[in-house]
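Fold and contact review
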Amino acid sequence: MHSLRSLLPAIASLFAVHATMVTAHAQGNIHPQSTQYEWPTDKLVKEKLEHWQDQKFGMIIHWGLYAVPGIIESWALCSEDWINRDSTRSYDDFKKWYWGLQKDFNPVHFDPDAWARAGKEAGMRYLVFTTKHHDGFAMFDTKQSDFSIAKGPFAGNPKADVAKYVFDAFRKQGFMIGAYFSKPDWHSEYYWWPKYATPNRNNNYDIKKNPWRWNQFKQYTYNQIGELMHHYGSIDILWLDGGWVRPRETVNEEVLSWGAPIPDWSQDIDIPHIAAMARQAQPGLLVVDRTVHGPYENYQTPEQRIPAKQLDHPWESCMTLANNWGYVPNDRFKSAAQVIHSLIEVVAKGGNLLLGIGPKPDGTLPAMAVERLTEIGQ
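Description of the overall build of the chain
Assigned secondary structure in the chain consists of 10 helices and 7 strands. Its C-alpha radius of gyration of 20 Å places the chain within 12% of the 21 Å reference for a compact globule of 378 residues. Taking the principal axes of its C-alpha atoms as reference, the chain extends roughly 60 × 45 × 40 Å. Within the chain, the fraction of its 378 residues that count as buried is 57%. In the chain, of all internal contacts separated by at least 6 residues, the share reaching a separation of at least 24 is 74%. Accessible surface, the chain as shown: approximately 15,700 Å² in total, 51% of it carbon and sulfur. Distance between charge centres in the chain, computed from 38 positive and 42 negative side chains, equals 1 Å.

Quick word on the sheet that holds strand β1 (residues 57-61)
The 7 strands are arranged β5-β4-β3-β2-β1-β7-β6 in an open sheet whose pairing can be described as parallel. The open sheet terminates on both sides in strands that have one partner only, identified here as β5 (286-289) and β6 (316-320). Averaged over neighbouring strand pairs, the angle between their axes works out to 20 degrees when direction is ignored. Note: strand β2 (residues 126-132) against strand β3 (residues 176-182), 6 bridges, orientation parallel. When the bridges of β3 are listed, Lys-132 appears paired with Phe-181. Here helix α5 (residues 162-172) sits on the sheet and contacts β1, β2 and β3; the angle it forms with β2, its principal contact strand, is near 180 degrees.

Remarks on the nonpolar core
Generally speaking, a soluble globular protein has its nonpolar side chains buried in company with each other. Core analysis: the largest hydrophobic core is formed by 90 residues, its most contacted members being Trp-63, Phe-129 and Phe-170. Not counting residues up to four positions away in its chain, the partners in contact with Phe-129 are Ile-61, Trp-63, Trp-115, Met-139, Val-162, Ala-163, Val-166, Phe-167, Gly-178, Ala-179 and Tyr-180. Counting residues in each nonpolar core, the second largest holds 17 residues, with Val-45, Ile-60, Met-176 and Cys-318 among its members.

Overview of the confidence of the model for the chain
Model confidence for the chain is summarised by a mean pLDDT of 92, while 91% of its residues fall at 70 or above. Confidence drops under pLDDT 50 across residues 1-27; counting only partners more than four residues distant or on other chains, this segment forms 45 contacts.

Let's talk about the pattern of salt bridges
By the definition in use, this model includes 17 salt bridges. The partner of Arg-171 in a salt bridge is Asp-168, with the nearest N and O atoms 2.8 Å apart. A residue pair is termed a helical-turn pair when its members lie 3 or 4 positions apart in one helix, as Arg-171 and Asp-168 do in helix α5 at 3 residues. Residues Glu-303 and Arg-290 are paired through a salt bridge, measuring 3.0 Å at the closest nitrogen-oxygen approach. Placement of Glu-303 in the loop between β5 and β6 and of Arg-290 in the loop between β5 and β6 is noted, with a sequence separation of 13 residues between them. Comparing Glu-303 with Arg-290, the two get one shared label, buried. Ionic contacts of the salt-bridge type, sharing partners, join the residues Asp-141, Lys-143 and Lys-151 into one network.

What counts and what doesn't
- Residues numbered from 1 in each chain as written.
- Predicted model: local features only at pLDDT ≥ 70, side-chain atom pairs only at ≥ 80, totals over all residues.
- Heavy atoms only, no water.
- Helix = DSSP H or I, 4+ residues; strand = E, 2+ residues; numbered from the N terminus.
- Rg over C-alpha atoms; globule rule 2.2 N^0.38 Å.
- Buried < 20%, exposed > 50% of the residue type's maximum accessible area, 1.4 Å probe, protein only.
- Contact = heavy atoms within 4.5 Å.
- Areas by Shrake-Rupley, 256 points an atom, 1.4 Å probe, with all protein chains shown as cover.
- Lys, Arg positive; Asp, Glu negative; His and termini not counted.
- Charge placed at Lys NZ, Arg CZ, Asp CG, Glu CD.
- Pairing = 2+ DSSP bridges.
- Axes fitted to C-alpha atoms, helices over the stretch in contact; angles between N-to-C directions.
- Core = buried A, V, L, I, M, F, W, Y, C linked by side-chain atoms within 4.5 Å.
- pLDDT = per-residue confidence, 0-100.
- Salt bridge = Lys/Arg side-chain N within 4 Å of Asp/Glu carboxyl O.

Put into structure tokens, the structure is as follows:
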């Protein structure tokens, strides 16, 4: 396979046309491009960041309970007006049904080596794997909760600790390894307290009035990230999603422009404390606290779009190969040409392209995803 660098001169003319794979739509699950950037000062972080910038093409895998019914990640749990749900089922019944999917998630054909080979053949060089989405379902054997892939019907499988085998498979193919982790956790009683309704994506109680409960959530989050940093081999990137979980003082005009509800209290989980622990275990770790500007947003992550002009700091466009991040039956996949055009534009503007794939509930990649990855590589 020709190197991307050697191909660039031959295809520079393609930039006459602005190729954008997907326009960010008016939904609450799209992270816009950040407007500020602060360079890291840690020597090891700077070295890893420079190495990451050379990788250019990565794979992000969304896989969790939402793959079983084939719905839009775990967002259906969120009671906001852009969410569509079956109107014949009450919200409480819907949540019970969704949490109950744990008993149905048994990916007996899980083959992470096949995933890694497909990514390698496509020319990808780094991985971001969803260890936990906003629903709180862990794709690793956490000791903090029974709500995980390793506690349901897949528990007896030799690969029940899914994240471990995903990371191992991609490491064997020479990938940099990233752990996606959702800061909110809608299953935790310390984030969504059953005492109250859950009107939106935020925690559902006043943290100022209930500091004990929030401190429990902070410790729970710290402990789960600690498990990932200490028990899953070498990790290069901690990719933190759920940008509404942030110190209240960081809510600026940019954040308000998203239109998402902002509570009066601070959803601060003490990222400096988490990052210090994580970097002690993983020296040089890149921490990507998406949209929370400062020393822990080591690179920016515009979602489903390519910046209009070249940026002078590290960034990646995270975009889906199909229309959805996770597996949805009969999803519509982009052509190899679309992906390649986007990759060319992203690289020319100094960024990386992180392409989203959603495995099926049985643990295999959709045939069309494998076909597209093969075409891209060729």
